[in-house]
Structure formats: structure tokens, C-alpha cells
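The primary structure of each chain is shown beneath.
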Amino acid sequence: MEFVVVGESVLTVFKKPIPQALGGADHFYLASTKNARDTLGWGPQGIELVGTVRVTALEIERVEKFMKASKYSISVHNCEHFANYVLHGISHSRQMYNSFKQMGAKVVEMLRPVQSASENYSETVARQVAYRLNEQLRMARIDRANSRRVEFWSSRGIECD
């Protein structure tokens, strides 16, 4: 399980019913396609990273911010809040406006343990996020140095490819 940084977002929000809620609540997750094996979600145990998920640098930053700031709660900081925040920058859950879904959420909340915000922050994910951000910084520095070299030689009449 890892992140791969891409230039443009390929993620979409998908949902599936939570069996324990008997249709009263849905689990939302991010993936490139509905049947993708590579998914990113949020649940009672924190981050749910399956396979190799392609994300933008901004999406990685949002994952990290959400993990640091939020304790999982099916009614306040649930998987739909997470998916919408990572993708759009807005923590919002439409299912919490449906009274039937709210009741289902309360049932699930009673049945499932949750962890604190500090427990959400998986060391593995933290290392991956730091590595990806550092790699992007390194690549940006290389690109900038190469641009300066091309500019230097171009100003002297030497064309570089």
C-alpha cells in the first residue's frame, strides 16, 4: 500500500452500504474507478489505504491534515467527510442530513470502536507522505536548475534539447 503522486487527480468518490447498518449508512471511499483495487478511505481504525493509490500532492497534504486533526466519528468525521475533504477541500457529509442515515450512523457508532486523532496518524503513511513531498521538492529543484542551465546557454546562442 502506497501513494503515487500524479499531476492531475484521477480519484472519484464512491460508496457502498455498511452491512452492520442494514442500509442505514454507507461507506465512502476514493478510487480511480468503481471496481478499482486501489482505494483510499477513512474508518474507525483511521486511514484505509489499499494497493497503490494515485494522488496529487494537494490530495496527500489533505490526507495528512485530516488525519492529524480528526478523530473518526461516523456522525462528525466520517468516511464521506474524509473523501470530500481530500478531493474537494470541503469536509461535508450529505448522508448526515438524512434522518434514516443518522439513525444508522448512531447504531454503527455504538457497535464500532474508534481511535483518537493521534492514533490515526499511521507511521507508515506518515513516512510515505514525507517521502513523496520530499521527492516532489527534489524534482522541482532539478527542474529549476535545468531551466536555468538552458536559459544560460540559450543566452549565449547555444541551443539545448
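Just so it is clear, the structure is predicted and the values come from calculations on it, not from any experiment.

1. Regarding helix α2 (residues 79-88)
Alright, step 1. In terms of residue burial, α2 counts as a mostly covered element, since nine of its ten residues are buried.
Alright, step 2. Taken residue by residue, α2 has C79, E80, H81, F82, A83, N84, Y85, V86 and L87 as its buried positions.
Alright, step 3. Contacts made by the buried residues of α2 are with β2 (12-17), β3 (26-31), β4 (39-43), β5 (46-50) and α1 (57-69).
Alright, step 4. Where α2 begins, one side-chain oxygen reaches toward the backbone nitrogen of E80, 2.8 Å away; that side chain belongs to N78.
Alright, step 5. Looking one or two residues beyond α2, the residue adopting positive phi is G89, at roughly 85°.

2. Looking at the pairing of strand β6 (residues 52-55)
Alright, step 1. By the alternation rule, side chains of β6 split into V53 and V55, which are all buried, and T52 and R54, of which none is buried.
Alright, step 2. Pairing between strand β1 (residues 2-5) and β6: four bridges, direction parallel. In the strand pairing of β6, V5 is matched with V55.

3. A short note on the sheet that holds β4
Alright, step 1. Pairing in this open sheet of four strands is antiparallel, and the strands run β2-β3-β4-β5 from one edge to the other. With partners counted over all chains shown, the strands left at the sheet margins are β2 and β5, one partner each. In this sheet, adjacent strand axes meet at a mean angle of 30° when their direction is disregarded.
Alright, step 2. Bridge analysis of β2 against β3 gives six bridges, and the strand direction is antiparallel.

4. Looking at the nonpolar core
Alright, step 1. Among the nonpolar cores identified, the biggest contains 23 residues, and F3, L30, L40, V53, V55, V63 and F82 are the most heavily contacted of them.
Alright, step 2. Looking at this core, the element that brings in the most residues is α2, giving five residues.
Alright, step 3. Setting aside anything within four residues of it in sequence, one finds V53 in contact with E2, F3, V4, L11, D38, T39 and L40.

5. Quick notes on the confidence of the model for the protein chain
Alright, step 1. Taken over all residues, the pLDDT of the protein chain has a mean of 81, while the share at 70 or more is 76%.
Alright, step 2. Confidence, expressed as mean pLDDT per element, reaches its minimum in the protein chain at helix α4 (residues 117-120) with 54 and its maximum at α2 with 93.

6. What to know about the pattern of salt bridges
Alright, step 1. Applying the stated rule across the entire model yields three salt bridges.
Alright, step 2. A salt bridge links D26 to K15, with the shortest nitrogen-to-oxygen separation between them at 3.7 Å. One end of the pair, D26, is in strand β3; the other, K15, is in strand β2, with eleven residues separating them in the sequence.
Alright, step 3. Salt-bridge contacts for R138 lead to E135; the nearest nitrogen and oxygen are separated by 2.8 Å. Of this pair, R138 and E135 both sit in helix α5 (residues 123-154), three residues apart, roughly one helical turn.
Alright, step 4. On the accessibility criterion, R138 (42% relative accessible area) is partly exposed.

Parameters at a glance
- Residues numbered from 1 in each chain as written.
- Predicted model: local features only at pLDDT ≥ 70, side-chain atom pairs only at ≥ 80, totals over all residues.
- Heavy atoms only, no water.
- Buried < 20%, exposed > 50% of the residue type's maximum accessible area, 1.4 Å probe, protein only.
- Helix = DSSP H or I, 4+ residues; strand = E, 2+ residues; numbered from the N terminus.
- Contact = heavy atoms within 4.5 Å.
- Polar contact = N/O pair within 3.5 Å; in protein donor to acceptor, adjacent residues only side chain to side chain.
- Pairing = 2+ DSSP bridges.
- Axes fitted to C-alpha atoms, helices over the stretch in contact; angles between N-to-C directions.
- Core = buried A, V, L, I, M, F, W, Y, C linked by side-chain atoms within 4.5 Å.
- pLDDT = per-residue confidence, 0-100.
- Salt bridge = Lys/Arg side-chain N within 4 Å of Asp/Glu carboxyl O.

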